[in-house]
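A structural walkthrough
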Amino acid sequence: MEVIDIASQPPYDSMPIVLMIGKFDGIHKGHQAILQTANELKREGEALAVMSFSEHPLWVLKQDEAFKRKITPEDEKIRILGQFGVERYYRIRFSKEYAQISAEEFVMEHLSRLNVKRIVVGEGFHFGHGQGGGTKELGELCARIGAEVTVIPLVTDSGVKIGSSEIRTDISEGRVETAFSLLGRPYSVTGIVIHGQKLGRKLGFPTINMGGVDDYVFPKPGVYVGTADIHGEPEGKSRYHVLISAGYRPTVDGQGYLIEGYLLDFSGDLYDRTVTLTFMHYLRGEIKFTGLDALIEQMKQDEVNARRLLSVAPA
């Protein structure tokens, strides 16, 4: 996919495109409806394109911690968009200066530099300074540059609005099964296995410590059941069932939030390897135990519960 950085105005481009505009964090079922419609509207010789932000506006403008982290950090977002046929990604380097652009200026002096044939956005789309423009204004302004606008109605799941904010809340409160339903896939994080204190090995439960995951939304501290995909294996990936511990490790006076995984029926060294941990089920909350013996007993019970949940017999 071609990635084009935009600090102010995009470069002039004659390639005819069907453009989708939005944050696309998570690429959930609502985003997928936009992508599907854009694919249906695309004609021969046109390219699918997405215009999105490098950072969430509420983080840039208000330093709102709730929007600092992402469901899908940008590299992952771009990769998933490519799977839906997106060929171009316009990355807006969002800043306080960029936030001053009016709705009219955005269309007449920015989008007009591109050969936009059709634009597809979601029902709640707003743009321009102070979010002054909505879908009605977008349609009126885009008509002046010869671009048609299609608005996708709000998508719900069992009456629940599908939105990035709702999914972010579900993850941070441990409702990974609900997040799964709204995303259309389980929530996952991808990182590099780093060296830790090797305490799990001493306790009989060798775990992998995940580095490079600070940009992700942190799941509620606790223990989860999921899968671990090891990248770079000859067949592409090797998948194992996994117990995931996410949190602050109060029993051993842990420093900071850590995500670690105990791969069931696996032996080997994964240091410096890329691994994706997928959160399928919330098992229990984080507990401060009276000592290591109590922690070990609970970890044994966690494994029993995980195997029962997954219908996986001990090796």
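Here, the structure is the one placed above.
Scope of this entry: the structure provided in the associated data block. (Residues numbered from 1 in each chain as written. Predicted model: local features only at pLDDT ≥ 70, side-chain atom pairs only at ≥ 80, totals over all residues. Heavy atoms only, no water.)

The pairing of strand 9 (residues 187-194) with strand 14 (residues 274-285) spans six bridges and is antiparallel. What sits directly across from Thr190, in strand 14, is Thr276. (Pairing = 2+ DSSP bridges. Helix = DSSP H or I, 4+ residues; strand = E, 2+ residues; numbered from the N terminus.)

The next point concerns helix 9 (residues 292-310). Over its 19 residues, helix 9 runs 26 Å from end to end, which matches the ideal 27 Å to within 8%, given 1.5 Å per residue. What helix 9 keeps buried is the set Leu295, Ile296, Met299, Asp302, Glu303, Ala306 and Arg307. End-on, the buried residues of helix 9 take up no more than an arc of 125 degrees, which puts them together on one face. Relative to its buried face, helix 9 has exposed residues pointing more than 90 degrees away, namely Asp293 and Arg308. (Expected span 1.5 Å × (residues − 1). Buried < 20%, exposed > 50% of the residue type's maximum accessible area, 1.4 Å probe, protein only. Arc of directions from axis to C-beta.)

Okay, the packing of helix 6 (residues 164-172) against helix 7 (residues 176-183) next. In contact at an axis separation of 8 Å, helix 6 and helix 7 are set at 155 degrees when each is read in the N-to-C sense. It follows that helix 6 is roughly antiparallel to helix 7 by the angle criterion. For the pair helix 6 and helix 7, the crossing hand works out as left-handed. In this structure, helix 6 uses Ile167, Asp170 and Ile171 to contact helix 7, whose residues at the interface are Val176, Thr178, Ala179, Leu182 and Leu183. A class-by-class count of the residues in the contact of helix 6 with helix 7 yields six nonpolar, one polar and one charged. (Axes fitted to C-alpha atoms, helices over the stretch in contact; angles between N-to-C directions. Parallel < 35°, antiparallel > 145°, perpendicular 65-115°, else oblique. Left-handed = near helix turned anticlockwise from the far one by under 90°. Contact = heavy atoms within 4.5 Å. Nonpolar A, V, L, I, M, F, W, Y, C, P; charged D, E, K, R; others polar.)

Turning to the sheet that holds strand 5 (residues 114-122), a few remarks are in order. Backbone-to-backbone hydrogen bonds join strands into a sheet, with any given pair of strands oriented parallel or antiparallel. If you walk across this open sheet you meet the six strands as 1-4-3-2-5-6, and the pairing is parallel. Of all the strands in the sheet, the pair left with one neighbour each is strand 1 (2-6) and strand 6 (148-152). When the angles between neighbouring strand axes are averaged without regard to direction, this sheet yields 25 degrees. Relative to strand 6, strand 5 runs parallel, the two being bridged by five bridges.

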